Amino acid sequence: MDQRAYTAEEVDAAVQRLADPGRLAHASEVVTHAAPSLAAVLDAALAEGGWFGPAHDDQVRRAAEGGGLVERCQAVERLVVEQTRVGMLVGVAVGFQLSRELEGGDPGPADGDAR
């Protein structure tokens, strides 16, 4: 099954439609059902991408140890914000591929290359 490319305008319009609270009701039910399995997929994707490991551990240690209380709190806040961004980006990628799987069973690239 060929996957079509989406234009920036199509993506913008789709994101705008998601602003309607009712649009996410069914998706929320599906995600709630699949949350444990999706969490495992997200954790694996983050680990494979190198987001967690020695570099991350070092950042956490430096945030906890460095400077006074204000500086440590700021460092922890920056780390949480960055982790949230990365988690969201990887989560969107997982969701995007899950949508493809549900639509047509696309196995995706076996060797991890992007399409």
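On a predicted model such as this, the values are computed, not experimentally measured, just so you know.

Computed from the structure, the largest pocket encloses a volume of approximately 1200 Å³. Around the largest pocket, the lining is made up of 29 residues, and of these Leu18, Val92, Gly95, Phe96 and Ser99 lie nearest the centre. Residue assignment for the lining of the largest pocket shows that the elements contributing at least two residues are α1 (8-18), α2 (25-48) and α4 (69-104). Of all the elements, α4 adds the most residues to the lining of the largest pocket, at 12 residues. Class assignment of the residues belonging to the lining of the largest pocket gives a composition of 18 nonpolar, 6 polar and 5 charged.

As a further point, take the packing of aromatic side chains. With the rule as written, the count across this model stands at 1 aromatic pair. Note on Tyr6 and Phe96: the rings are 5.9 Å apart at their centroids and 80 degrees apart in plane angle, and the pair reads as edge-to-face. Taken together, the residues span a long stretch of sequence, with Tyr6 in the segment before α1 and Phe96 in helix α4 at a distance of 90 residues.

Moving on, we get to the pattern of salt bridges. With the rule as written, the count across this model stands at 4 salt bridges. The shortest N-O distance in the salt bridge between Arg61 and Asp58 comes to 2.3 Å. Of this pair, Arg61 and Asp58 both sit in helix α3 (residues 54-65), 3 residues apart, which is roughly one turn of that helix. On the basis of relative accessibility, which here comes to 39%, the residue Arg61 falls in the partly exposed class. Classification of Asp58 by relative accessible area gives partly exposed; the value is 28%. A salt bridge links Arg61 to Glu65; the shortest N-O distance between them is 3.0 Å. Remark: Glu65 and Arg61 occur in helix α3; sequence separation between them is 4 residues, near one turn of the helix.

Mean pLDDT over the protein: 81, with 88% of residues reaching 70 or higher. Within the protein, the lowest mean pLDDT, 84, falls on α2, and the highest, 89, falls on α1. With pLDDT under 50 throughout, residues 111-115 is counted as low confidence; its partners more than four residues away or in other chains account for 6 contacts.

Attention now moves to α2. At Ala35, α2 shows its maximal bend, which comes to roughly 70 degrees, and the proline Pro36 appears one to four places after that position. Backbone geometry just after α2 places Gly50 at a positive phi near 80 degrees.

Conventions and cut-offs
Residues numbered from 1 in each chain as written. Predicted model: local features only at pLDDT ≥ 70, side-chain atom pairs only at ≥ 80, totals over all residues. Heavy atoms only, no water. 1 Å grid on protein atoms, 1.4 Å probe; cavity = no way out; pocket = protein on both sides within 12 Å on 5 of 7 lines; lining within 4 Å. Points joined across faces, edges and corners; volume = space filled by probe spheres on them. Helix = DSSP H or I, 4+ residues; strand = E, 2+ residues; numbered from the N terminus. Nonpolar A, V, L, I, M, F, W, Y, C, P; charged D, E, K, R; others polar. Phe/Tyr/Trp six-rings, centres within 6.5 Å; stacked < 30°, edge-to-face > 60°. Salt bridge = Lys/Arg side-chain N within 4 Å of Asp/Glu carboxyl O. Buried < 20%, exposed > 50% of the residue type's maximum accessible area, 1.4 Å probe, protein only. pLDDT = per-residue confidence, 0-100. Contact = heavy atoms within 4.5 Å. Bend = angle between axes of the 7 residues up to and from the residue.

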